[in-house]
Amino acid sequence: MADAREVLEMMREVARTRISMLRDGVTFYESDRRSYYLQQYEDKLRQIEGLIRRISIRLVDPPSDDANQ
């Protein structure tokens, strides 16, 4: 799972960088295409962050009754 998390974190950084570039206008795209890609990257970033949160959640088993006796 650590490898998957590392990949997702790298993807998150790439998406953030591209979003920043699109917002700053550091692209060769026209404004309509730039806004389309900005929306797509923002959607993908939300999905990636959701996956990272899911990986981060750990389920904890309650202690068994046998261990208490």
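Residues numbered from 1 in each chain as written. Predicted model: local features only at pLDDT ≥ 70, side-chain atom pairs only at ≥ 80, totals over all residues. Heavy atoms only, no water.

Draft legend 1. Fine view of the overall build of the protein. When helices and strands are counted, the protein shows 3 helices and 0 strands. For the protein, the α and β elements follow one another from N to C terminus as α-α-α. Looking at the protein residue by residue over its 69 residues, the buried ones come to 14%. Expressed as a percentage of contacts within the protein between residues at least 6 apart in sequence, the contacts between residues at least 24 apart total 56%. With the model as given, the accessible surface of the protein reaches about 6,100 Å², and the carbon-plus-sulfur share is 51%. (Helix = DSSP H or I, 4+ residues; strand = E, 2+ residues; numbered from the N terminus. Buried < 20%, exposed > 50% of the residue type's maximum accessible area, 1.4 Å probe, protein only. Contact = heavy atoms within 4.5 Å. Areas by Shrake-Rupley, 256 points an atom, 1.4 Å probe, with all protein chains shown as cover.)

Draft legend 2. Here's a closer look at a nonpolar patch on the surface. A grouping of V7, M10 and M11 is seen on the molecular surface, where their side chains present a nonpolar patch of about 290 Å² in accessible area. Along the polypeptide, V7 turns up in helix α1 (residues 2–24). (Patch = residues over 30% accessible without salt bridge, like charges linked within 9 Å, V, L, I, M, F, W, Y side chains within 5 Å. Salt bridge = Lys/Arg side-chain N within 4 Å of Asp/Glu carboxyl O.)

Draft legend 3. Focus on the pattern of salt bridges. One pass over the full model with this rule turns up 5 salt bridges. In the salt-bridge network here, residues are joined through shared partners; they are E13, R16 and E49.

Draft legend 4. Spatial organisation of the environment of R12. Topologically, R12 is positioned in helix α1. Counting along the chain gives 32 residues from R12 to K44, while the straight-line C-alpha distance between them is 8.6 Å. Once residues within four sequence positions are removed from consideration, R12 is found in contact with L45, I48, E49 and I52.

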